[in-house]
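Examination of the molecular architecture
The lines below spell out each chain.
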Amino acid sequence: MIYLRTASLTAALLIPLLAGCSHLGVSPWERDLLAKSEMNLDAEGVDLTLDDHVYFSKEGTSGGRAFAGGGCGCN
Amino acid sequence: MQLGKHKKISHLLSAAACTLVGGGVQAEEMLKDWDIDTAVLIYNETDRVSAMEGVVQATKDFGEGHIFSGKLVVDSLSGASANGALPQPEAQTMSRPSGKGQFETAAAETPLDDTFKDTRVQINGQWTQPLMTDLRASGGLHLSKEFDYQSIAINGSLAKDFNRKNTTLSVGFSQAFDQISPHGGRPVALSDMVIDSGQFATDQDYWDAFDATRQTAGEDTKNTTDLVLGLTQIINRRWITQFNVGISDVSGYMTDPFKVVTQVDDQGNAVAQTYENRPDSRSKAFFFAQSKVHLDKNILDLSYRYSQDDWGIDSHTLELRDRFSLGGKSYLQPHLRYYQQTAADFYQRYQLSSTALPDYMSADYRIGEMSAYTMGLKYGRELENGHEFSLRFEYYQQSSSGPSSDLPALNGLELYPEVKAAFLQLGYSF
């Protein structure tokens, strides 16, 4: 049931997004700001690793940015 | 013989010294092409757990999109953890999870098992390379080991660029195999904690009773399968965005072997501490969206995650980072995070002893209804040698909630205490 809802949500979001995507974007010479390391989506990699560990051990849900990976027995 | 041994040791010492002296130069040469990020985190909860965690992440670009990334995480934690039991108007005594010894809880206080102590080592390796034009593959391995828990995970993903590399679609898969071997063994689900109050004639009688609450067979592993679909889109020169949807299927032992649910009589007085039991399967799904926008003097990073599972836990997470350039090569970055979740269907703060036990129950506040916020500030500065130094402080506060109780003995007691934590992180990248 959860998977079915996820699939419907994905389709509902992705189809219009993909259709619209071809009109979006920049030319190679317009990537000056996006090329900065701080504009990487995971620029705070180490911070996110540490935060994820804290929240994983304190809250009932985790992940989202990437794979949750293996677990830990954190209490 | 003795002389020979000394000679060998002196050779070894000389070799080690040479390695240290010469190795410094060699190491510097070797690390020249690597990006290294290091950090140390000091974490402290009010009256509960304190932890220290170190991370070293190393990335090397071998050219033409062939990238290796490795990560080593070591953490050590100790302190007290709520075991799920109710506070009571009188002081309480409970057995430690190992069965060896007891701990006392003062009247009206939340029972905290103060023997919590563990050290964990985690290693990750990830290799990424192009397969053909605009198509990349990545594969990785994750190993994590602590005293009573170990985890091995593999992952693989494919990413395809479209639209002059402005759009990237990705699909990823991960499989994790965890093994749980808790100190003191896994309790028999829904059995009552054995507490020595002088009722046992001999030590052996106590241990026989304790052992009867331990599982000798049954599931002690947990397998997790994750599937994630991602879309990254450059909107314009200043704006990049990402959407992920994922599903996760977990099967195996997910009960927390250290947690109990208090059984109370119709006045609210504790009559037993009963080990919790959780289902052995869990299906989760999530949606995650992130946008990063480069404004004139700051970079906004906004993300949202919605997650739901068949245990009944729905959660929303909203997170904001705003990186302000301070001119020159330093920046200040405030951070805000808000989280809320609904309770698992089988979460209950306590159990009435007059009613039959359900198949599954847990009083673990982490799967109860809660909201939490984090406020933080990071300062970073690029040094003259090109290295970067950063300092980050975060404050986290978690507020649990649930139905109140009209049982007389619980009147005025804190059933859903807050958890407050502060953490400080020092980072250095070169």
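Per chain, residue numbering runs from 1 following the sequence as it is written. Chain letters start at A and ligand numbers start at 1, both assigned in the order the entries are written. This being a predicted model, a pLDDT of at least 70 is required before a residue's local features are given, and a value of 80 or more before pairs of side-chain atoms are given or counted; all residues contribute to the totals for chains, interfaces and linings. Each side-chain value is worked out from all heavy atoms of the structure, with water and hydrogens disregarded.

**Brief notes about the overall build of chain B**
Secondary structure counts use DSSP, requiring at least four H or I residues in a row for a helix and at least two E residues in a row for a strand, with both numbered from the N terminus. A tally of helices and strands in chain B yields two helices and 21 strands. Expressed as a percentage of its 430 residues, the buried residues of chain B come to 45%. In this analysis, two residues are considered to be in contact whenever any of their non-hydrogen atoms come within 4.5 Å of each other. Across chain B, the fraction of contacts at a sequence separation of at least 24, relative to all contacts at a separation of at least 6, is 61%. Here, Shrake-Rupley sampling with a 1.4 Å probe gives the accessible areas, and only protein chains in the shown set may cover a residue. For chain B, the exposed area adds up to about 21200 Å²; of that, 59% sits on carbon and sulfur atoms. Throughout this description, buried means an accessible area under 20% of the type-specific maximum (1.4 Å probe, protein chains only), exposed means over 50%, and partly exposed covers the range between.

**Regarding unusual backbone geometry**
All names here are of chain B. At Asp134, a position not held by glycine, the phi torsion is positive, near 65°. The topology assignment puts Asp134 in the loop between strand S6 (112-132) and strand S7 (135-146). Backbone geometry places Leu190, a non-glycine residue, at a positive phi of 65°. Looking at Leu190, the relative accessible area reads 21%, which means it is partly exposed.

**Regarding the nonpolar core**
Among the nonpolar cores identified, the biggest contains 19 residues, and Leu50 and Val54 of chain A together with Leu41, Tyr43, Tyr396 and Phe423 of chain B are the most heavily contacted of them. A per-element tally of this core places helix H2 (residues 45-58) of chain A first, with four residues. With near-sequence residues (within four places) excluded, Leu41 of chain B lies in contact with Leu50 and Val54 of chain A together with Ala51, Met52, Glu53, Arg392, Phe423, Leu424 and Gln425 of chain B. What we call a nonpolar core is a set of buried Ala, Val, Leu, Ile, Met, Phe, Trp, Tyr and Cys residues that are connected through their side-chain atoms within 4.5 Å. The next biggest cluster of nonpolar side chains, apart from the first, holds 16 residues, and it includes Leu86, Ala344, Phe346 and Leu415 of chain B.

**Considering the interface of chain B and chain A**
Counting from both sides, the interface comprises 96 residues of chain B and, opposite them, 55 residues of chain A. Between chain B and chain A lies a buried interface of about 6300 Å² when both sides are counted; carbon and sulfur atoms form 57% of it. When two components associate, each loses some accessible surface as probed by a 1.4 Å sphere; the sum of these losses over both components is called the buried area. Ranking the residues of chain B by area buried against chain A places Arg237, Lys292 and Arg366 of chain B at the top, with a combined share of 10%. Any carboxyl oxygen of Asp or Glu within 4 Å of a side-chain nitrogen of Lys or Arg constitutes a salt bridge here. Between chain B and chain A we count eight salt bridges in total. Any pair of nitrogen or oxygen atoms within 3.5 Å is treated as a polar contact; in protein, a donor-acceptor pairing is required on top of that, and neighbouring residues in sequence qualify only through side-chain atoms on both sides. Our enumeration of links across chain B and chain A arrives at 36 residue pairs in polar contact (both at pLDDT 80 or more). In the scheme used here, Gly and all other residues not listed as nonpolar or charged are polar, with Ala, Val, Leu, Ile, Met, Phe, Trp, Tyr, Cys and Pro taken as nonpolar and Asp, Glu, Lys and Arg as charged. Residues that form the side of chain B that touches chain A fall into these classes: 36 nonpolar, 32 polar and 28 charged.

**Comments concerning the side chain of Ser283 of chain B**
All names here are of chain B. Of note, Ser283 is situated in strand S14 (residues 281-294). Look at Ser283 and you get buried, because its relative accessible area is 14%. Here Asp249 takes part through its side chain, which lies 3.1 Å from a polar atom of the side chain of Ser283.

**Things to note about the packing of aromatic side chains**
The geometry of two aromatic rings is summed up by the distance between their centres and the angle between their planes. Residue and element names in this part refer to chain B. Note on aromatic pairs: the rings of Phe, Tyr and Trp (six-membered ring only in Trp) are paired at centre separations within 6.5 Å, and the planes decide the class, stacked below 30 degrees, edge-to-face beyond 60, tilted for the rest. One pass over the structure, following the stated rule, counts eleven aromatic pairs over all chains. Seen in terms of ring centroids, Phe200 and Tyr206 are 5.7 Å apart; in terms of plane orientation they differ by 70°. Their pairing is edge-to-face. The class of Phe200 is partly exposed, set by a relative accessible area of 22%. On the numbers, 6.0 Å between centres and 45° between planes, the contact of Tyr428 with Phe430 is tilted. Note on geometry: a ring has a charge over it if NZ (lysine) or CZ (arginine) is within 6 Å of the ring centre and within 35 degrees of the ring normal. One cation-aromatic arrangement involves Arg48 over Tyr365; the distance from NZ or CZ to the ring centre is 5.6 Å. Lying over the aromatic face of Tyr253, Arg186 brings its terminal NZ or CZ to 5.6 Å of the ring centre.

**Comments concerning the pairing of S14 of chain B**
Residues and elements named next belong to chain B. Of all 14 residues that make up S14, twelve are buried, and the element is covered over most of its length. By the convention used here, strands pair only if DSSP detects at least 2 bridges between them. In terms of strand pairing, strand S11 (residues 239-252) meets S14 through 13 bridges, oriented antiparallel. Note that in S14 the partner of Asn244 across the bridge is Phe288.

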